[in-house]
Amino acid sequence: MPPSHTMAEKFIEGCVVGRTDYTESLFTLRFTAAIAPFEAGQFLRVGTEVLKDGASVPELRPYSLVNAPNDDVLEIVLTVVPEHAGGVVSPALHRLREGDGILVSPRANGFFTLAEVPSAPVLWALATGTGLGPFLSILATDRAWQQFETIVLVHAVRHAAELTYRERIAGLAKQHGERFRPLSVVSREPHPGALRGRIPALIASGELEARAGVALTAATGHVMLCGNPEMLRDTTAALEARGLTRHRPRKPGQITTEAYW
Ligand SMILES: Cc1cc2nc3c(=O)[nH]c(=O)nc-3n(C[C@H](O)[C@H](O)[C@H](O)COP(=O)(O)OP(=O)(O)OC[C@H]3O[C@@H](n4cnc5c(N)ncnc54)[C@H](O)[C@@H]3O)c2cc1C
Ligand SMILES: NC(=O)c1ccc[n+]([C@@H]2O[C@H](COP(=O)([O-])OP(=O)(O)OC[C@H]3O[C@@H](n4cnc5c(N)ncnc54)[C@H](OP(=O)(O)O)[C@@H]3O)[C@@H](O)[C@H]2O)c1
């Protein structure tokens, strides 16, 4: 009997069919793999074989799926946590190229889905960095546009180069017109058309609502937050100051979150 007896994680092998590099540490991977049907907003565990104590072992981490549930090609967007900062799987995935094998869990999981969110006039989808991913999957479904009259999508990044998926967002804007209000926030440099600063401060000052052209209230909105856990914490506090509360299955509220670390 080995000293530590853990169940090996189940995975299947997929194949990388493409990637896009936005910066030297921000990229997307597209791959094919025979996973079970999933719901928009869910995450898949993805990884590779990595060297651990001289042996090659499979190592997987959760990544939100960016693609719509009916797409044949799966897609994730990742930031590299450098090896010196403790990163294991993200640097290994960063080395993959078209044609390489990739390990994935056979099914996606998670509750950051519209089935878990009550209908409301306005959906506020607030993301930092790669936290944009699940919202793109959600916004590609008919359900999103049936469940909400207006959808505000806010993507907050440090630098303008990290504003991923601009074309896809522009495509949604063309498709949904006034019902869709995409906004960018860039915190560390001025960028034309983008708000400057951080989401919680932009909520507190009223700037976010002013730019979105719609009020953020407990009576009319549901807020989904994804990405940096500190953004989730500080934004939740800013929203609670306006009377919104966390949404729980037995105690409905207006705030739903997905923390990436
Ligand atoms: C539900 C869920 C969905 C996720 N979806 C995505 C996604 O779509 N894209 C994505 O890039 N990441 C996503 N993550 C994070 C991802 O699972 C990995 O943790 C991340 O890629 C780092 O993996 P690693 O093996 O390199 O480092 P790990 O061994 O996982 O972590 C090393 C250290 O880095 C910290 N860390 C973990 N993730 C990050 C991060 N993103 N930024 C900064 N520090 C971090 C950890 O706290 C830890 O101290 C998600 C996490 C969860 C829980
Ligand atoms: N190659 C690298 O070494 C490298 C490069 C990029 C990222 N990373 C790592 O990856 C992680 C995630 O990257 P990321 O680019 O998505 O960075 P991030 O730190 O999550 O920043 C994304 C956005 O969230 C904002 N933010 C941070 N804390 C917040 C808070 N408490 N409330 C509201 N907004 C907040 C940031 O504003 P501010 O600018 O004001 O903080 C920024 O606009 C980082 O923590 C970093 O460790 C590593």
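Because the structure is predicted, anything quoted here is derived from the model rather than measured.

Conventions adopted
Residues numbered from 1 in each chain as written. Chains lettered and ligands numbered in written order. Predicted model: local features only at pLDDT ≥ 70, side-chain atom pairs only at ≥ 80, totals over all residues. Heavy atoms only, no water. Phe/Tyr/Trp six-rings, centres within 6.5 Å; stacked < 30°, edge-to-face > 60°. Helix = DSSP H or I, 4+ residues; strand = E, 2+ residues; numbered from the N terminus. Buried < 20%, exposed > 50% of the residue type's maximum accessible area, 1.4 Å probe, protein only. Pairing = 2+ DSSP bridges. Axes fitted to C-alpha atoms, helices over the stretch in contact; angles between N-to-C directions.

S.K.: I'd love a proper account of the packing of aromatic side chains, names of residues and values included.
M.R.: This model, assessed by the stated rule, comprises three aromatic pairs. Ring centres 5.9 Å apart and planes at 80° place the aromatic pair Trp145 and Phe180 in the edge-to-face group. With a gap of 35 residues between them, Trp145 in helix α3 (residues 142–147) and Phe180 in strand β9 (residues 180–186) connect regions that are remote in the sequence. For Trp145, a relative accessible area of 9% corresponds to the buried category. Phe180 sits in the buried class, given a relative accessible area of 4%.

S.K.: Any chance you could break down the sheet that holds strand β3 (residues 43–52) for me, citing the residues and the numbers?
M.R.: Strand order in the open sheet made by the six strands is β4-β3-β6-β1-β2-β5, with antiparallel pairing throughout. One side of each edge strand has no neighbouring strand; the edge strands of this open sheet are β4 (55–64) and β5 (74–79). Neighbour-to-neighbour, the strand axes of this sheet turn through a mean angle of 40°, independent of strand direction.

S.K.: Any chance you could break down the pairing of β4 for me, citing the residues and the numbers?
M.R.: The pairing of β3 with β4 spans ten bridges and is antiparallel. Within β4, the residue paired with Phe43 across the bridge is Ser64. Hairpin geometry of β3 and β4 is characterised by an intervening segment of two residues between the two adjacent antiparallel strands and by a positive phi of about 50° at Asp53.

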